[in-house]
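Chain by chain, the residues:
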Amino acid sequence: GSCCPPDAWGPLDFKDYTPKGTLHTEGDIDIYKVGEDGEKAIIWNYDIFGLNAGRTKLLADLFASKGYLVLIPDYFRNGEGRNPMQDKDTMDFIQTRTMWQKLSADWETKIRPFAERHGAKRFGAIGTCWGTFMVLKLCSLEGDGFKAGVSWHPSHTAIVKNLQGGDLKELHEAVKCPQLFMPAQGDAPEDMANGLAKEVMGDKLRVVECMDMKHGWTTRGDISDANTKRD
């Protein structure tokens, strides 16, 4: 049990890109910020590999280039992350870093005030892998300005069901704004087009199954692979 299925993409050695954003410290959390200050902000929720892995910053930079303020909070702290294919303590790492009480305090007392100081009034949430847990939780908050959430190759089902022993139906029922799921081959059946999430959220959720893709393709997939490059 991990957040990633067994045939997921592993770490991507991606050194030939210089991120366009800057790192800011708010209390004890670092926040990567890119894009002009403004009312429309995207909160980017990274995968288990952490802030500095794969194409995470490149993708945030790409969204910023379309006119959004994009913030990547370093929830794990100090640039930490784990490689589920190698690191034996991945399960413990996820357990200790996926406590909503602590993560919601990060949002309420550090990330949101930082975003608002930079003009943010309306939020979208994007998440990959581990980060889709954050997408659904942030989009369940009352009156916090979240308008939509996007979950690429989601891992929230594995985290809530297998690691936390939580109630998936409850997680989905709490969501207050439109969602897009883009599950890959090997991702949880609950997140597919005819899965539990769709059953619970109905028209609030659009599911685009990406069955040519392996879990992790957006941030860690090999661009020399034709399917990965296309998507």
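This text follows the structure it describes.
Model, not experiment: these values are computed from the prediction.

## Quick look at the sheet that holds strand β9 (residues 205-207)
What the eight strands build is an open sheet, ordered β1-β2-β4-β3-β5-β6-β7-β9; its pairing is mixed. The outermost strands of the open sheet, each flanked by one partner alone, are β1 (22-26) and β9. Going from strand to strand, the sheet's axes swing by 20° on average, the running direction of each strand aside. Here helix α3 (residues 100-117) sits on the sheet in contact with β1, β2 (29-34), β3 (40-45), β4 (69-73), β5 (122-129) and β6 (146-154), set at roughly 30° to β2.

## A short note on the pattern of salt bridges
Counted under the stated rule, the structure contains 17 salt bridges. Here arginine 82 and glutamate 80 are joined by a salt bridge, their closest N and O atoms 3.2 Å apart.

## Some thoughts on the packing of helix α4 (residues 131-138) against helix α5 (residues 156-163)
Between α4 and α5, the least distance of the axes is 7 Å, while the angle of their chain directions is 85°. With respect to their mutual orientation, α4 and α5 come out roughly perpendicular. Between α4 and α5, the residues in contact are Thr132, Phe133 and Leu136 and His156, Ile159 and Val160, respectively. Of the residues that constitute the contact of α4 with α5, the class distribution is four nonpolar, two polar and no charged.

## So, the packing of aromatic side chains
Scanning all chains against the criterion turns up twelve aromatic pairs. Each ring, one from tyrosine 46 and one from tryptophan 130, has its centre 6.2 Å from the other, and the planes form 40°; the classification is tilted. Pair noted here: tyrosine 46 is in the loop between β3 and α1 (56-64) and tryptophan 130 is in the loop between β5 and α4, with a separation of 84 residues, a long-range link. Residue classification places tyrosine 46 among the buried positions, given a relative accessible area of 0%.

Conventions and cut-offs
- Residues numbered from 1 in each chain as written.
- Predicted model: local features only at pLDDT ≥ 70, side-chain atom pairs only at ≥ 80, totals over all residues.
- Heavy atoms only, no water.
- Pairing = 2+ DSSP bridges.
- Helix = DSSP H or I, 4+ residues; strand = E, 2+ residues; numbered from the N terminus.
- Axes fitted to C-alpha atoms, helices over the stretch in contact; angles between N-to-C directions.
- Contact = heavy atoms within 4.5 Å.
- Salt bridge = Lys/Arg side-chain N within 4 Å of Asp/Glu carboxyl O.
- Parallel < 35°, antiparallel > 145°, perpendicular 65-115°, else oblique.
- Nonpolar A, V, L, I, M, F, W, Y, C, P; charged D, E, K, R; others polar.
- Phe/Tyr/Trp six-rings, centres within 6.5 Å; stacked < 30°, edge-to-face > 60°.
- Buried < 20%, exposed > 50% of the residue type's maximum accessible area, 1.4 Å probe, protein only.

Remember that the coordinates give geometry; whether it matters functionally is a separate question.
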